[in-house]
Amino acid sequence: MPGKTVLVSDFDYELPDELVAQEAAPRGASRLLVLDRVTGKTTHTVFSDLVSYLRPGDLLVVNDTRVFPARLLGRRAPSGGAVECLLLERIERPATADAGQPGQYWMALVHPGQKLKPGARMRFEGTAGALLAGILERRFHGRRSIRLWAESGSGTVEDLIDALGHVPLPPYIRRVDTEADRERYQTVYASRRGSIAAPTAGLHFTPELLESLARHGVQRVNVTLHVGYGTFKPVRSDVVEEHVVDPECYDIGEAAAHAIDAARSEGRRVVAVGTTTTRALEDSAARHGGRVVAGQETATLFIHPGFRFQVVDGLLTNFHLPRSSLLMLVAAFAGRERVLAAYREAVELRYGFYSYGDAMLVV
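Residues numbered from 1 in each chain as written. Predicted model: local features only at pLDDT ≥ 70, side-chain atom pairs only at ≥ 80, totals over all residues. Heavy atoms only, no water.

Colleague: Even after reading the chapter, I still don't get the nonpolar core, so can you show me in this structure?
Modeller: In globular proteins that are soluble, nonpolar side chains generally tend to be buried together. Counting residues in hydrophobic clusters, the biggest one holds 71 residues, and the most contacted among them are Tyr-185, Leu-281 and Phe-353. If we skip the residues at most four places from it in the chain, Leu-281 touches Val-61, Val-223, Ile-252, Ile-260, Val-270, Val-292, Val-311 and Val-312. The next biggest cluster of nonpolar side chains, apart from the first, holds 27 residues, and it includes Leu-72, Trp-106, Ile-146 and Leu-148. (Core = buried A, V, L, I, M, F, W, Y, C linked by side-chain atoms within 4.5 Å. Buried < 20%, exposed > 50% of the residue type's maximum accessible area, 1.4 Å probe, protein only. Contact = heavy atoms within 4.5 Å.)

See below:
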């Protein structure tokens, strides 16, 4: 008998605009909604009290990816018109590129796209020097392959991206980025550069809270999943199963794989910090007969209601966009009706939503 069709509209909810957090609270000071996924009971507390809801022996798995300043603002060359370039990921040299030219090759989104055709040039400059870019090819979904190179005497491409780039805040944060965002839109344990969006559940942790959890007997390990632009990709289909989630690369080290295997064999809970960590762990298990295996893979898994979790026993996450694939993941873990009821409660109690908003623990 075929399963029931799951509609994207089943994951809608009403959210007043003013509840979309535009600034982040001090780390550890955000509110925390705790949802019991068996009973549906909710508890309201603060994030700094997380230790009260985790057990000695729990294994906390975090994503240690680091966001880089991927948004470049500059001018078209030679016309001088304003341009914006969002760097998505490093790529191999396209076949159309001249092998003798220096620089790096990237997949990017550019604006205004209609004026930035193959052959167009861009220039990004500041006190650190100038970064030049050339459009090579049009790609799918508005993407372009580009070549980036440093103007003579300006240093390396990496240094110029760091100096000239802006923090790629999500589009629902309706303000320009600041120097403060360079630190705040980053977890305290971020170490492996590669994301254009933060794994936002981890933004709440302080070093002191991590130390408190360790003293409580909560173990912590890192995995890496570099968050791509697909995290903001809207679900445009009417039926959930017709949506395709963009692939994302992840890396699970030997120590993390061993710790996860030990926790599961000993009956201890594996608590994933964020949907990105969840996707990496469950994708690995789906590929390897239920086990999380060390190595580098590309996550292609779309987790939505009906999915059978094999690794994750608890999920720490923020509040997600209506109709989004991330909300569907949380609903798959805790049940759609329970999750949406908790979201309605969070709206009534004026929680902050999305990347800089409050947090939710599902256990």
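This is not the end of the story, as more comes after the structure.
Colleague: Hey, could you run me through the side chain of Thr-45 in this one?
Modeller: On the secondary structure map, Thr-45 appears in strand 2 (residues 42–46). Only 3.5 Å separates the side chain of Thr-45 from the side chain of Asp-49, close enough to count as a polar contact. Beyond its immediate sequence surroundings of up to four residues, Thr-45 is in contact with Arg-31, Leu-32, Val-34 and Tyr-53. (Helix = DSSP H or I, 4+ residues; strand = E, 2+ residues; numbered from the N terminus. Polar contact = N/O pair within 3.5 Å; in protein donor to acceptor, adjacent residues only side chain to side chain.)

Colleague: Explain the sheet that holds strand 16 (residues 314–318) here, please?
Modeller: The pairing of strands in a sheet comes from backbone hydrogen bonds and takes either a parallel or an antiparallel form. Read across the open sheet, the 9 strands follow the order 2-1-17-16-14-3-12-13-15; overall the sheet is mixed. The sheet is open, and its two borders are formed by strand 2 and strand 15 (295–299), each paired with just one other strand. Geometrically, the sheet is characterised by an average inter-axis angle of 25° between neighbouring strands, direction not taken into account. As paired elements, strand 12 (residues 219–225) and strand 13 (residues 248–252) share 2 bridges and run antiparallel to each other. Counterpart to Leu-225 in the pairing with strand 13 is Tyr-250. Relative to strand 13, helix 5 (residues 275–287) is tilted by about 75°, and along the sheet it contacts strand 3 (59–63), strand 12, strand 13, strand 14 (270–273), strand 15 and strand 16. Of the strands in this sheet, strand 1 (31–35), strand 2, strand 16 and strand 17 (359–362) are in contact with helix 7 (residues 336–348), which crosses strand 1 at around 150°. (Pairing = 2+ DSSP bridges. Axes fitted to C-alpha atoms, helices over the stretch in contact; angles between N-to-C directions.)

Colleague: In this structure, what is going on with the side chain of Asp-64? I would like to understand it.
Modeller: Of note, Asp-64 is situated in the loop between strand 3 and strand 4 (65–67). Buried charge without a partner: Asp-64 forms no salt bridge, and the closest opposite charge is Arg-192, 5.0 Å away. Beyond its immediate sequence surroundings of up to four residues, Asp-64 is in contact with Tyr-189, Ala-190, Ser-191, Arg-192, Asn-222, Val-223 and Thr-224. (Lys, Arg positive; Asp, Glu negative; His and termini not counted. Salt bridge = Lys/Arg side-chain N within 4 Å of Asp/Glu carboxyl O.)

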